[in-house]
Amino acid sequence: MTPEKPAPVSRRERPAKPALTRQGIIDAALAILRDEGLGKVTMRRIAAALDTGPASLYVYVRNTGDLHAQILDSLLGPVKVPAPEVGTWRDRLKALLVSYGEVLFLHPEIARMAMSTQPSGPNYLALADALLGLLDEGGVSGREAAWAMDLLLLYPTAVAVEHSSPKSATQEADEFSALVAKIATADPARHPHLARLGDTLVSGDGPSRTDWALDVILDGVLAAASRASAEQRGG
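Residues numbered from 1 in each chain as written. Predicted model: local features only at pLDDT ≥ 70, side-chain atom pairs only at ≥ 80, totals over all residues. Heavy atoms only, no water.

1. Thoughts on the overall build of the protein chain
No. 1: Secondary structure assignment for the protein chain yields 11 helices and zero strands.
No. 2: The linear arrangement of helices and strands in the protein chain, starting from the amino end, is α-α-α-α-α-α-α-α-α-α-α.
No. 3: In terms of its C-alpha atoms, the protein chain occupies a principal-axis envelope of roughly 95 × 55 × 30 Å.
No. 4: Long-range pairs, those at least 24 residues apart, make up 67% of the contacts in the protein chain with a sequence separation of at least 6.
No. 5: In the form shown here, the protein chain has an accessible surface area of approximately 15100 Å², with 57% of it arising from carbon and sulfur atoms.
No. 6: Averaging the locations of the 24 positively and 28 negatively charged side chains of the protein chain gives two centres separated by 8 Å. (Helix = DSSP H or I, 4+ residues; strand = E, 2+ residues; numbered from the N terminus. Contact = heavy atoms within 4.5 Å. Areas by Shrake-Rupley, 256 points an atom, 1.4 Å probe, with all protein chains shown as cover. Lys, Arg positive; Asp, Glu negative; His and termini not counted. Charge placed at Lys NZ, Arg CZ, Asp CG, Glu CD.)

Right under this line is the structure:
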């Protein structure tokens, strides 16, 4: 005997799908990012994961750029804003930027995306507000603080992108060793400055160089703020 086919399940008897929401779309995108990589985070792939059509997503997400911005904002949740009593304003500002950079280091593909994506969600706004507040505490406000925020966020983003290559640790170590060897054998007659500063060029660990770089940027911002204040007084 031919086994009987099961009777089709009525649509009314199927479990109801969860209501589509903006947060649900972002959560699905993050799951795909974690399991399959950024290249697979498409509207079509997310729609399939949510058992809906791609057109339905555009009610909640304007386009792929908006989707990427929301993904980045979600990942900024762990960024830590240091408590007011922990160190000077400069120490706390640098700690905030280091925390931001660490998030990007954990998500290499997002680090590259952050160079061209402008988030505007609650986590980014909290980061921006904390950064502006610390600059104000240090005596930098107005245009100088607003413009400095872009510059300060760009540095840890660029460093994270620099280290976001899919190369293995062994490949990176081999390339760095090759660079060190080239600098060490630079011809003093042809490259006098390289020969003189060769050892210094490759000295220092990542945290030390980051601390130095942020101090240099902040010193420049403070100097610019001082000049602007002097010009206003003189005007």
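2. Let's talk about unusual backbone geometry
No. 1: Positive phi, normally seen in glycine, also occurs at Asp-51, with a value near 55 degrees.
No. 2: The residue Asp-51 is located in the loop between helix H2 (43-49) and helix H3 (54-57) in this model.

3. What about helix H11 (residues 206-234)?
No. 1: In a regular helix each residue adds 1.5 Å, so 29 residues correspond to 42 Å; H11 covers 42 Å between its end C-alpha atoms and thus fits that length.
No. 2: Buried within H11 are the following residues: Ala-213, Leu-214, Ile-217, Leu-218, Val-221, Ala-225 and Ala-228.
No. 3: Looking at the buried positions of H11, the neighbouring elements they touch are helix H5 (89-106), helix H7 (122-137) and helix H8 (142-162). (Expected span 1.5 Å × (residues − 1). Buried < 20%, exposed > 50% of the residue type's maximum accessible area, 1.4 Å probe, protein only.)

4. A look at the nonpolar core
No. 1: Formed by 50 residues in total, the largest nonpolar core has its most connected members in Val-41, Ile-46, Leu-67, Ile-71, Leu-93 and Leu-152.
No. 2: At the level of secondary structure, the elements contributing two or more residues to this core comprise helix H1 (22-36), H2, helix H4 (64-75), H5, helix H6 (108-114), H7, H8 and H11.
No. 3: With near-sequence residues (within four places) excluded, Leu-152 lies in contact with Leu-93, Leu-97, Leu-131, Leu-135, Ile-217 and Leu-218. (Core = buried A, V, L, I, M, F, W, Y, C linked by side-chain atoms within 4.5 Å.)

5. Looking at the pattern of salt bridges
No. 1: Scanning the model with the defined rule gives 10 salt bridges in all.
No. 2: In this structure, Arg-90 and Asp-219 form a salt bridge, with 2.9 Å as the shortest nitrogen-oxygen distance. With Arg-90 in helix H5 and Asp-219 in helix H11, the pair connects residues that are 129 residues apart, well separated along the chain.
No. 3: Take Asp-219: its relative accessible area is 43%, and that puts it in the partly exposed class.
No. 4: A cluster of three or more residues bridged by salt bridges with shared partners is formed by Arg-90, Lys-94, Asp-211, Asp-215 and Asp-219. (Salt bridge = Lys/Arg side-chain N within 4 Å of Asp/Glu carboxyl O.)

6. Quick word on the packing of aromatic side chains
No. 1: Under the defined criterion, the tally for this structure stands at zero aromatic pairs.
No. 2: Above the plane of the ring of Trp-147 lies Arg-143, whose end atom (NZ or CZ) is 4.7 Å from the centre. (Phe/Tyr/Trp six-rings, centres within 6.5 Å; stacked < 30°, edge-to-face > 60°. Lys NZ or Arg CZ within 6 Å of the ring centre and 35° of its normal.)

7. Points about the side chain of Arg-90
No. 1: Here Asp-215 takes part through its side chain, which lies 2.9 Å from a polar atom of the side chain of Arg-90.
No. 2: Excluding residues within four positions of it along the chain, Arg-90 makes contact with Asp-215, Leu-218, Asp-219 and Leu-222. (Polar contact = N/O pair within 3.5 Å; in protein donor to acceptor, adjacent residues only side chain to side chain.)

8. Section: the confidence of the model for the protein chain
No. 1: Looking at the protein chain, the pLDDT average stands at 87 and 91% of residues meet or exceed 70.
No. 2: For the protein chain, H6 is the element with the lowest average pLDDT, namely 81, and H7 is the one with the highest, namely 95. (pLDDT = per-residue confidence, 0-100.)

9. A few points about the environment of Ala-111
No. 1: Considering the arrangement of structural elements, one finds Ala-111 in helix H6.
No. 2: Judged by relative accessible area, which is 0%, Ala-111 ranks as buried.
No. 3: Sequence separation between Ala-111 and Ser-164 is 53 residues, and the spatial gap between their C-alpha atoms is 7.2 Å.
No. 4: The residues contacting Ala-111, other than those within four sequence positions of it, are Leu-104, Thr-157, Ala-160 and Val-161.

10. A word on the environment of Thr-170
No. 1: Structurally, the position occupied by Thr-170 is in helix H9 (residues 169-184).
No. 2: The spacing of Thr-170 and Leu-93 is 77 residues in sequence and 33 Å in space, taken between C-alpha atoms.

11. Quick notes on the packing of H1 against H4
No. 1: Contact geometry for H1 and H4: axes closest at 10 Å, N-to-C directions at 80 degrees. Considering the angle they form, H1 stands roughly perpendicular to H4. Across from Arg-22, Ile-25, Ile-26, Ala-29, Leu-30 and Leu-33 in H1, the residues of H4 making contact are Asp-66, Leu-67, Gln-70, Ile-71, Ser-74 and Leu-75.
No. 2: Residues that form the contact of H1 with H4 fall into these classes: eight nonpolar, two polar and two charged. (Axes fitted to C-alpha atoms, helices over the stretch in contact; angles between N-to-C directions. Parallel < 35°, antiparallel > 145°, perpendicular 65-115°, else oblique. Nonpolar A, V, L, I, M, F, W, Y, C, P; charged D, E, K, R; others polar.)

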